[in-house]
Amino acid sequence: MTHSFDKDYWQQHWQQTHGDKPGSMAGNPPNPYLAQETAGLAPGTALDAGCGAGAEAIWLASHGWQLTAADISTDALARAADRATASGQTESIRWVEADLTAWEPAMRFDLVTTHYAHPAIPQLAFYQRISDWVAPGGTLLIVGHLHTGHGHGHGHGHGHPAEATVTLADITAVLNAADWEIVTAEEHRRPAPGPGGHAVSLHDVVVRATRRP
């Protein structure tokens with residue numbers, strides 16, 4: 001049975017997610033590719049599109065970035081704000097409740113990043129949409145799951161819409177070579193905590209691109 005990644009879905013997801021449970025997304029550390037892919041970038045303005053419980057936004061703020069962190073779920077944002085307060089990272093983060101399929105930022109950013117965000121539109125359309133929010137010379141960083149049709153290890157279960165499935169070729173194809181330089185285009189497998197404390201294997205796609213000036 002399939003479902004839509006709409007506001008109701010994400011509200012229910014975060015209401016059922018508890019940070020003290022093994023494998024909970026609410027207590028996850030920042031994505032391991034974030035530090036690797038931003039290591040050589042000068043901190044500036046950044047947008048975390050689909051920020052969830054805020055791990056990546058908080059990490060970026062702690063490394064000098066000025067963050068706009070947007071998510072459709074009020075429950076996720078509440079968890080993220082509490083986590084930021086606990087970590088002492090409140091001054092550099094603006095939390096925004098937003099449907100990223102319709103919301104438009106008032107500015108362009110030096111870095112736009114998204115980590116496993118699934119919107120209520122086809123995945124590639126979402127990536128193309130957020131790419132428009134990168135300033136000239138800025139960076140787009142996409143980390144997504146490469147779905148295999150056997151469940152995706154993200155904790156949401158089976159039955160994802162086909163539009164949520166992406167490959168490296170899918171993502172890089174929507175980034176016009178005249179406008180973008182692809183810096184990183186890789187697939188990785190890595191272990192991660194799953195539901196019930198059982199380890200799962202994640203198959204990730206990582207794309208970093210620089211918008212040409």
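For the structure itself, look to the data block above.
Presented here is an overview of the structure given in this document. From a predicted model like this one, the values you see are computed outputs, not experimental measurements.

Take the pairing of strand E2 (residues 66-71) next. Most of E2 sits inside the fold, with five of its six residues counted as buried. Note on the crossover from strand E1 (residues 45-49) through helix H3 (residues 55-62) to E2: the handedness is right-handed. Pairing geometry for E2 and strand E3 (residues 93-97), over five bridges, is parallel. By the bridge assignment for E3, Leu-67 is matched with Ile-93.

So, on to unusual backbone geometry. Phi at Tyr-116 is positive, roughly 65°, even though this residue is not glycine. Along the chain, Tyr-116 falls in the loop between strand E4 (109-115) and helix H5 (123-131). On the basis of relative accessible area, Tyr-116 is assigned to the buried category, the value being 12%.

Before going further, it helps to spend a moment on the side chain of His-203. Mapped onto the fold, His-203 is located in strand E7 (residues 199-211). At 3.1 Å, the side chain of His-203 and the side chain of Glu-187 are in polar contact. Excluding anything up to four places from it in sequence, His-203 contacts Gly-144, His-145, Leu-146, Glu-187, His-188 and Arg-189.

The next point concerns the environment of Leu-47. Locating Leu-47 in the fold gives a position in strand E1. Of the residues examined, Leu-47 reaches a relative accessible area of 0% and is grouped as buried. Separated by 86 residues in the primary sequence, Leu-47 and Trp-133 place their C-alpha atoms 8.6 Å from one another. In this view, Leu-47 contacts Thr-68, Ala-70, Trp-103, Phe-109, Leu-111, Val-112, Thr-113 and Trp-133; residues no more than four positions away in its chain are not counted.

Let's shift gears to the pattern of salt bridges. Counted under the stated rule, the structure contains three salt bridges. Between Glu-37 and Arg-208 there is a salt bridge whose closest N-O contact spans 2.6 Å. In this pair, Glu-37 sits in helix H2 (residues 32-38) while Arg-208 sits in strand E7, placing the two residues 171 residues apart along the sequence. Judged on exposure class, the residue Glu-37 and its partner Arg-208 are both buried. Note that Arg-129 is salt-bridged to Glu-104, the shortest N-O span being 3.3 Å. In this pair, Arg-129 sits in helix H5 while Glu-104 sits in the loop between E3 and E4, placing the two residues 25 residues apart along the sequence.

For the coordinates displayed, the defined rule picks out two aromatic pairs. Aromatic side chains Trp-103 and Trp-133 sit 5.5 Å apart centroid to centroid with 85° between the ring planes, which places their arrangement in the edge-to-face category. Note that Trp-103 is positioned in the loop between E3 and E4 and Trp-133 in the loop between H5 and strand E5 (134-145), a separation of 30 residues in sequence. Residue classification places Trp-103 among the buried residues on the basis of a relative accessible area of 19%. Judged by its relative accessible area of 1%, Trp-133 is buried. Judged by centre distance (5.9 Å) and plane angle (45°), the rings of Phe-126 and Tyr-127 are tilted. Tyr-127 carries the same exposure label as Phe-126, and that label is buried.

Basis of the calculations
Residues numbered from 1 in each chain as written. Predicted model: local features only at pLDDT ≥ 70, side-chain atom pairs only at ≥ 80, totals over all residues. Heavy atoms only, no water. Buried < 20%, exposed > 50% of the residue type's maximum accessible area, 1.4 Å probe, protein only. Helix = DSSP H or I, 4+ residues; strand = E, 2+ residues; numbered from the N terminus. Right-handed = clockwise from strand over helix to strand, strands pointing away. Pairing = 2+ DSSP bridges. Polar contact = N/O pair within 3.5 Å; in protein donor to acceptor, adjacent residues only side chain to side chain. Contact = heavy atoms within 4.5 Å. Salt bridge = Lys/Arg side-chain N within 4 Å of Asp/Glu carboxyl O. Phe/Tyr/Trp six-rings, centres within 6.5 Å; stacked < 30°, edge-to-face > 60°.

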